[in-house]
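Residue strings, one per chain:
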Amino acid sequence: AAVSACEKGGHWEQTLRLLVEMAFAELELNTITYSAAVSACEKGDQWAAALRLLVDMASAHVNVDTITYNAADSACETVGQWDQAL
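Below or above, wherever it landed, is the structure these notes cover.

Cut-offs used in this document
Residues numbered from 1 in each chain as written. Predicted model: local features only at pLDDT ≥ 70, side-chain atom pairs only at ≥ 80, totals over all residues. Heavy atoms only, no water. Salt bridge = Lys/Arg side-chain N within 4 Å of Asp/Glu carboxyl O. Helix = DSSP H or I, 4+ residues; strand = E, 2+ residues; numbered from the N terminus. Buried < 20%, exposed > 50% of the residue type's maximum accessible area, 1.4 Å probe, protein only. Expected span 1.5 Å × (residues − 1). Contact = heavy atoms within 4.5 Å. Polar contact = N/O pair within 3.5 Å; in protein donor to acceptor, adjacent residues only side chain to side chain. Arc of directions from axis to C-beta. Core = buried A, V, L, I, M, F, W, Y, C linked by side-chain atoms within 4.5 Å.

**Side note on the pattern of salt bridges**
Now for step 1: Under the defined criterion, the tally for this structure stands at one salt bridge.
Now for step 2: For Asp56, the salt bridge is made with Arg52, and the minimal N-O distance between the two is 3.1 Å. Placement of both Asp56 and Arg52 in helix α4 (residues 47–59) is noted, with a separation of four residues, approximately one turn of the helix.
Now for step 3: The exposure class of Asp56 is partly exposed, given its relative accessible area of 24%.

Given below as C-alpha cells:
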C-alpha cells in the first residue's frame, strides 16, 4: 500500500527507498509492487530506474506483466529514450 501511495503521488525516490527497505526486511516484492515502482519512475521521468527495475524483476524471478512493460516503455518515450524502450 505504501509503494502504491508513493507511486500515485509521483514520489519515485521514496518508492525506490521503500523497495530497498522491503527487500532488507525480507518482505515479498511481487509484480504489483514492482509495477507501482516502475509507474512512479515513469511519472518522475526516471527511465533508467524503470528499466533497472525490469532487470531486478527478472533476477528475482518476478513475472513482468503488460502494465509493467507499458509503464517502462512510456518512461523511456517520455524523455526521448525510445531506443531504450525497444
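**Comments concerning helix α3 (residues 31–43)**
Now for step 1: The first and last C-alpha atoms of α3 sit 18 Å apart over 13 residues, in line with the 18 Å expected at 1.5 Å per residue.
Now for step 2: Counted residue by residue, α3 has ten buried out of 13 residues, so it is predominantly covered.
Now for step 3: Those residues of α3 lying buried are Thr31, Thr33, Tyr34, Ser35, Ala36, Ala37, Val38, Ser39, Ala40 and Cys41.
Now for step 4: Looking at the buried side of α3, the elements it contacts are α1 (2–9), α2 (12–24), α4 and α5 (66–78).
Now for step 5: Sitting at the amino-terminal end of α3 is Asn30, which places a side-chain oxygen 3.1 Å from the backbone nitrogen of Ile32.
Now for step 6: Downstream of α3 by a residue or two, Asp45 has a phi angle that is positive, lying close to 55 degrees.

**Here's the deal with α4**
Now for step 1: Helix length check: α4 (13 residues) gives 19 Å between terminal C-alpha atoms against 18 Å at 1.5 Å per residue, within 8%.
Now for step 2: By the burial criterion, the buried members of α4 are Ala49, Ala50, Leu53, Leu54 and Met57. Down the axis, α4 shows its buried residues gathered within 150 degrees of arc, on one side only. Facing away from the buried side of α4 by more than 90 degrees, the exposed set consists of Arg52 and Ser59.

**So, the nonpolar core**
Now for step 1: With 20 residues, the main nonpolar core has Tyr34, Val38, Ala50 and Leu53 as its most contacted residues.
Now for step 2: With residues up to four places along the chain from it excluded, the contact list for Leu53 reads Leu16, Leu19, Tyr34, Ala37, Val38 and Cys41.

**Notes on unusual backbone geometry**
Now for step 1: In this structure, Glu26 takes a positive phi of about 60 degrees despite not being glycine.
Now for step 2: Given the relative accessible area of 72%, Glu26 is considered exposed.

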